[in-house]
Each structure stands twice: as structure tokens, then as C-alpha cells.
Amino acid sequence: MSVTTAHNAKKMYRFDLVKRLVARLKNDEAVIGGIGHSNFDLFTAGHRPQNFYMLGSMGLAIPIALGVAIAQPRRKVFALEGDGSLLMQLGCLSTVAAQAPKNLIILVMDNGTYQITGGQPTPAAVGTDYVAVARGCGLTSAAWAADEEDFERLVQRCLETDGPHLIGLKLDAQGPAGQTERDPVQIRDRFMRGMGVKQSKLPG
Amino acid sequence: MQAWHEIVVEALKANDIRLIPYVPDNVLKPLIAAIHADPFFTAFTTAREEEAVGIVAGGVMAGMRGMVLMQTSGFATLPNVLASLPCAFHIPVLMMISERGTLGEFNLGQAAVWRTMRPALESLAMEYQVITRLDECGFQVDRTIRQALMTQQPTAMILSPLLTGGKASPVKAGG
């Protein structure tokens, strides 16, 4: 099997990738959208009750997804995390490797910049390979997606096999396709209903 | 008579608090050991306290209640994530903090960071309880957990050296 390395992975459009991911979700999979444009594009791709959109706590998409994955081991759980966010909490990759939840899939959305604050390069933009970092932390099922078709293949493999898995995605510089409605209590309430945890007579 | 950590374990089990990610502390050792010894709990270390707050937030939203264990200096790393995750989203993330930096602290770094803990909790408008007495420990832990769950709010339980004995060093003559 050929291995795609960071430098020859195609730079893709985040919103297109998020739409491709969501189209493959048929079993109420949970998706945790990290701070900023990662969750903006998840929201714009069409709200699902199993989506959670962060509005701060930069770097916690993977830990939140890990908590969901431990609580509901039969549900697949995706974390969409930006490269700048992951840099803030790299240690969480070791925690995931140690807990080894079979149902957790991490997507690293790597555009090399803090896009939401004006596109300044991250300190990792020059040469940090997040897939190599993940492997070094003990996440052996970690790969860069070569292109859109390869991404679809990798997502399908993650849905069909035990993880934890990590997919690295190189992104182009296009901005988000929309913006999340910033109402955290509503987001939490709907997510808990989507997880089957909360029943309420209030319409949701 | 039960030790403080036995009382805490009993209150956690009574309220179905199973998920315990933590960054360790010497004072918490007997509690951590008791939690690891009991298959009721899922307990593990994290690299940072922030991570543990995220894990418990995800767990409780997906139906598994949890509590983060840490010491005072760990709490000081948390205000941003507390404000923007459990406080903003109304998620009952429980925290138990071993109080370092007071009542005989030997490390000035710990003593300095201790001064930030109550002001940070108060400025976040977070409910917190300081547990000082063995005879009150069970009531405080049980009721604080129940209130957090029923009101969907994060909360902190501070384990005072008055309860745990804390961590102290003898002052050597001429030292």
C-alpha cells in the first residue's frame, strides 16, 4: 500500500470534505466540531442532532469526542479538529492512544494557519507532520488523505473497522461556507437529545 | 470511622459518577487508588486538566457522569475552558481539587497560585464547596454533586488540608 506523506497530500476544500463526511454517516454517528471554521462548515453542511459545535475551549474537540466515545462505545464518534487547535492540546493524542477507544475517529483539518484570525501561519506550518506525531503517540491507524477519493475511502474504512483512527487533511485557503448559530445551551440540549440521553416534552 | 476518601467514593457511587480522568496529586493518592481498585469507575490520567474537563463534558452529554481530579495548580490552568465549555453550555462537569498552597505549604509556587483559586471560581460564578471536616464531608459531596446535576452547572469541591492533612514538611533548624 502506498503511503501519502504530508507534502504530497492534495490541498482540499474543507466544506467539500465535511459534506462528503456527513453524506457517509448513516448510523447517527456523533460529530464534535472544533472551535471556529471546523464547526462552521459542519453546521453549514446541515444540522444533525448528533452534532456538537464548540464555541471556545480551543483544543478540546478530541477530548470531548473521547468522553462521548467512552460513554457510548457502540456509537462511532468523529472529532473535527483544526491544526492550530490540536497544537494547543497535543497531549490528548497520547491519552487517546492509551484509552484506545475502538469507536473514535479524529480528522485533523490542517491549513497551516489560524484562518479565523487572519491566516497567520501556525508554528507548526513549516514542517510538523501531524500524522507522524499521531503515530509517535501510539495511534497506529493514522494516514494523510491523498485526495477527495482517498478521503472517502479512509472514512469508509474508519466506519467499518475498529479504531482509534486519525485522518490528516491538507486544506486550501478557502474560508468557511457559513457560520454556526452561537447558542450554546440550545446546542448542548439538542446534542443530548441526539445522543438519546435526554428526553423532554419541550419541543427540540 | 471512614476515611475521607472512602466517604467520597461512596458519594460518587450513590450518584452514578463513573468517569474519572485526572492529573494526580500526592494528597489524592488514596482516593485515586480506591477508584482504580473499583471496576465501577473508568479512571485514567490525562496530560492536562483542560483535557479532563473536555472528556467529562463529552461523557456527561453522552450519558456517563464524571468528575475531574486535580490539585490547586491544575485548576489555575482552567478558567478559559471552564468559561467557554461547562459554564457557557451548562454542562455539569464536577471537579475535586486537592488544596495545595495553604496551611503549611513549603513551596512558594504553590502558595502563590493558591491565591488565584477562589477569585477565579468566584469570577466564573461557579458554585464551590470547601470541605474541611470529616463529619461534613459526605453531606457536602453528595449534595454538591446532586445540585450540579439538577441545575446543569459545573461545580468544584475543594479538599482542604483540614480534611486531608495536606502535604507539609518539617522546618529544619537553620534551614
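Residues numbered from 1 in each chain as written. Chains lettered and ligands numbered in written order. Predicted model: local features only at pLDDT ≥ 70, side-chain atom pairs only at ≥ 80, totals over all residues. Heavy atoms only, no water.

As annotated in an unreviewed UniProt entry, chain B carries the name Decarboxylase and comes from Siccirubricoccus deserti.

An unreviewed UniProt entry lists chain A under the name Thiamine pyrophosphate enzyme TPP-binding domain-containing protein, with Siccirubricoccus deserti given as the organism.

## So, the overall build of chain B
Stated precisely, the cut-off is as follows: To qualify as a helix, a DSSP run of H or I must reach at least 4 residues; to qualify as a strand, a run of E must reach at least 2; elements of each kind are numbered from the N terminus. C-alpha atoms define the radius of gyration in this analysis, and the globule rule sets the expected value at 2.2 Å times the number of residues to the power 0.38. Only protein chains enter the accessibility calculation, which uses a 1.4 Å probe; a residue whose area is less than 20% of its type maximum is buried, one above 50% is exposed, and one in between is partly exposed. Every accessible area reported is derived by Shrake-Rupley at a probe size of 1.4 Å, with residue values counting cover from the shown protein chains alone. His is not counted here, nor are the chain ends, while Lys and Arg score as positive and Asp and Glu score as negative. To locate a charge, take atom NZ for lysine, CZ for arginine, CG for aspartate or CD for glutamate.
In terms of regular secondary structure, chain B is built from 9 helices and 6 strands. Taking 2.2 N^0.38 as the reference for a compact globule, 175 residues should give roughly 16 Å; the C-alpha atoms of chain B span a radius of gyration of 16 Å, in line with that estimate. Judged by the C-alpha coordinates and their principal axes, chain B covers about 55 × 35 × 30 Å. Burial statistics for chain B: of 175 residues in total, 57% are counted as buried. If you sum the accessible surface of chain B, you get close to 7,200 Å²; carbon and sulfur atoms cover 54% of it. Within chain B, the 15 negative side-chain charges are centred at a point lying 3 Å from the centre of the 13 positive side-chain charges.

## A closer look at the sheet that holds strand β4 (residues 104-110) of chain A
Hydrogen bonding along the main chain pairs the strands of a sheet, whether they run parallel or antiparallel. Residue and element names in this part refer to chain A. We count it as follows: We treat two strands as partners when DSSP finds at least two bridges between them. Throughout, an axis means a line fitted to C-alpha atoms (over the contacting stretch in the case of helices), and angles, computed between N-to-C directions, take values from 0 to 180 degrees. Note on contacts: a residue pair is in contact if any heavy atoms of the two residues lie within 4.5 Å.
If you walk across this open sheet you meet the 6 strands as β2-β1-β3-β4-β8-β7, and the pairing is parallel. The sheet is open, and its two edges are formed by β2 (51-53) and β7 (142-144), each paired on a single side. Between one strand axis and the next, the sheet turns by 15° as a mean value, whatever way the strands run. Examined bridge by bridge, β4 and strand β8 (residues 165-170) share 6 bridges and lie parallel to one another. Bridging across to β8, Ile105 finds its partner in His165. Contacts from helix α8 (residues 184-194) reach β1 (30-33) and β2, with the element oriented near 160° to β2.

## Focus: the sheet that holds strand β3 (residues 65-71) of chain B
All names here are of chain B. Across the sheet, 6 strands lie side by side as β2-β1-β3-β4-β6-β5; this open sheet has parallel pairing. Strands with a single pairing partner mark the edges of an open sheet, and in this sheet they are β2 (42-45) and β5 (127-131). Direction aside, the axes of adjacent strands within the sheet are offset by 20° on average. Two strands pair when backbone bridges link them, and strand β1 (residues 17-22) and β3 are joined in this way by 3 bridges, in the parallel orientation. Bridging from a neighbouring strand, Tyr22 pairs with Leu69 of β3.

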